[in-house]
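These are the residues of each chain, in order.
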Amino acid sequence: MPAAWPLVGRSKEWEFVADAMGRQRGIVLAGAAGVGKTRLAREVLQAAARRGSTTRWAFASASARGLPLGALSPIISVTDGNPAQLLRHATDALAAGTDVVVGVDDAHLLDELSALVLYQLVGAGAAKVIVTVRTGEPAPAAVTALWEGSLLPRLEIQPLPEAATAELVAAALGGPVDSNGTAKLWSMTHGNALFLRQLVLGELDAGRLVDVGGVWRWSGAAGVSPVLAELVRARMGGLTDQAREVVDVLALGEPLGTELLVDLTGKKQPYGRRKRPAWWASSRTVTGGRRGLRTRFMGKYAETALVSCAPAGCAARSPPRAPPTPAAAAPTTPCAARSSCWIPTSPRTPRC
Ligand SMILES: Nc1ncnc2c1ncn2[C@@H]1O[C@H](COP(=O)(O)OP(=O)(O)OP(=O)(O)O)[C@@H](O)[C@H]1O
Ligand SMILES: [Mg+2]
């Protein structure tokens, strides 16, 4: 299997981005974690390099955020000076060359000075830029001003559609997956490219995804790869206790009636409007129906990972509040008794 999977299912986004890079000053790609923002931005930059553009790639990170110009210093050399001089030198250095295209990954994590440099670069039209941000994450004002001030268009990158998900896995494996496996991959990842990749690599390693006469067959229950477990752990570490409680309950009992979720966690709203972490919006769906609103995680893989990462959290957590009333717990899955088995005594949730 190739180390880098081929880019699949982004032809519309590619057209939109190409248009923005050609006719405007660049573009912001926004989206949930793992949907493929960085991959698309890198592909665009590589295409520009093949056409002869000067390209630069910077990535912001939580650790470099504390340093002025922390994100940009690896790609430009800037001499000492007061902040105004630094700003000018850094902007000039980024724009040096012909037909310059600059990629800035995870710009929501930029330090303030780097964010200002980016804003100035775009404002002056000194280079084309392609910027990625995670939807819903707080970002420096100079970054949000890029799209709020209409300097750059913002494209929301969605998870891959079902057909593209199957196409991507087939391209990566060098052959199609049977229909059961394809359906399972979709229901577990809902087109999140990162989850999909981790899931497929993990299942290959475990020997559950096997090539049978040119068609890939997937047997047994999926495991959670160490990489995904680490990723989920890192994200969960940033949650408040209140948010964590909601996530635990949902991961263990989903889909839940929204009323029931609120009841179980004792909150009028799972999150205050402004406090919802970005992944909350993208990892959960609320659907209507005769039984009212239901909330569930969008991909079983995320849910499985949350459950498997939650032993300390769940086991040590205070017991649930008053058990749901039968009316509130109206069965929303084939497992009518799910609500009675959602607090596990072992790290893994019993699958009803
Ligand atoms: N359309 C695609 N075709 C093939 N592989 C893809 C596609 N989109 C993403 N990938 C792969 O999926 C993985 C996750 O993608 P990527 O890193 O771009 O996500 P992201 O949105 O930038 O996530 P994060 O918010 O965590 O930075 C990478 O290995 C990437 O190469
Ligand atoms: Mg990324």
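Scope of this entry: the structure provided in the associated data block. (Residues numbered from 1 in each chain as written. Chains lettered and ligands numbered in written order. Predicted model: local features only at pLDDT ≥ 70, side-chain atom pairs only at ≥ 80, totals over all residues.)

### Some details on the overall build of the protein chain
Working step 1: In terms of helices and strands, the protein chain carries 14 helices and 10 strands.
Working step 2: Burial analysis of the protein chain (352 residues in total) assigns 41% to the buried set.
Working step 3: Restricting to contacts in the protein chain with at least 6 residues of sequence separation, those with at least 24 account for 74%. (Helix = DSSP H or I, 4+ residues; strand = E, 2+ residues; numbered from the N terminus. Buried ≥ 20, exposed ≤ 12 C-beta atoms within 10 Å, placed from the backbone. Contact = placed C-beta atoms within 7 Å.)

### Concerning the site of ligand 1
Working step 1: Among the 19 residues in the neighbourhood of ligand 1, the closest are listed as Gly 36, Lys 37, Thr 38, Arg 39 and Ala 193.
Working step 2: Looking at the shell around ligand 1, the elements that each hand over two or more residues are α2 (37-50) and α8 (193-205).
Working step 3: For the shell around ligand 1, the per-class residue count stands at 8 nonpolar, 5 polar and 6 charged.
Working step 4: Composition of the shell around ligand 1 by domain shows at least three residues from each of domain 1 (11-156) and domain 2 (162-223). (Near = placed C-beta within 6 Å. Nonpolar A, V, L, I, M, F, W, Y, C, P; charged D, E, K, R; others polar. Domains from an automatic or database assignment.)

### Things to note about unusual backbone geometry
A negative phi angle is the norm for most residues apart from glycine, just as the trans form is the norm for most peptide bonds.
Working step 1: At Leu 69, a residue that is not glycine, the phi angle is positive and equals roughly 65°.
Working step 2: Summarising the element assignment, Leu 69 is placed in the loop between β2 (54-59) and α3 (83-95).
Working step 3: Backbone geometry at Ser 150 places phi at a positive 60°, although glycine is not the residue there.
Working step 4: Structurally, Ser 150 can be placed in the loop between α5 (141-148) and β5 (154-156).
Working step 5: Assessed through the 10 C-beta atoms surrounding it within 10 Å, Ser 150 is described here as exposed.

### As for the nonpolar core
Working step 1: Ranked by internal contacts, the top residues of the largest apolar core, which has 67 residues, are Ala 107, Val 117, Leu 118, Val 129, Ile 130 and Val 143.
Working step 2: The element that contributes the greatest number of residues to this core is helix α4 (residues 112-124), accounting for 8 residues.
Working step 3: Shared between two domains, this core takes at least three residues from each, and those domains are domain 1 (11-156) and domain 2 (162-223).
Working step 4: Not counting the four nearest positions on each side in its chain, Val 143 is found in contact with Ala 107, His 108, Leu 110, Ala 115, Leu 118 and Val 133.
Working step 5: Core analysis: the second largest hydrophobic core is formed by 9 residues, Val 246, Val 247, Val 249 and Leu 260 among them. (Core = buried A, V, L, I, M, F, W, Y, C linked by C-beta atoms within 7 Å.)

### Re the pairing of strand β7 (residues 215-218)
Here is the key point about a regular strand: its side chains alternate between the two faces of the sheet.
Working step 1: Residues Trp 216 and Trp 218 line the buried face of β7, whereas the alternating positions Val 215 and Arg 217 sit on a face that is not buried.
Working step 2: Examined bridge by bridge, strand β6 (residues 209-212) and β7 share 4 bridges and lie antiparallel to one another. Looking across to β7, one finds that Leu 209 is bridged to Trp 218.
Working step 3: Following β6, the chain reverses through 2 residues before pairing antiparallel with β7; Gly 213 in that reversal takes a positive phi of roughly 60°. (Pairing = 2+ DSSP bridges.)

### Overview of the packing of helix α7 (residues 179-189) against α8
Working step 1: Two elements in contact, α7 and α8, have axes separated by 9 Å at closest approach and are oriented at 130°. As judged from the angle between their axes, α7 and α8 are oblique. The two elements α7 and α8 cross, and the hand of that crossing is right-handed. Taken together, the residues of α8 that come into contact with α7 (itself represented by Leu 185, Met 188 and Thr 189) are Phe 195, Leu 196 and Leu 199.
Working step 2: Taken together, the residues of the contact of α7 with α8 sort by class into 5 nonpolar, 1 polar and no charged. (Axes fitted to C-alpha atoms, helices over the stretch in contact; angles between N-to-C directions. Parallel < 35°, antiparallel > 145°, perpendicular 65-115°, else oblique. Left-handed = near helix turned anticlockwise from the far one by under 90°.)

### Section: the sheet that holds β5
Working step 1: The strand order across the open sheet formed by 5 strands is β2-β3-β4-β1-β5, and the pairing between neighbours is parallel. Unpaired on one side and paired on the other, β2 and β5 mark the two borders of the sheet. The mean inter-strand angle of the sheet, taken between neighbouring strand axes irrespective of direction, is 15°.
Working step 2: Relative to strand β3 (residues 100-105), β2 runs parallel, the two being bridged by 6 bridges. In the sheet register, Trp 57 faces β3, and the bridge partner there is Gly 103.

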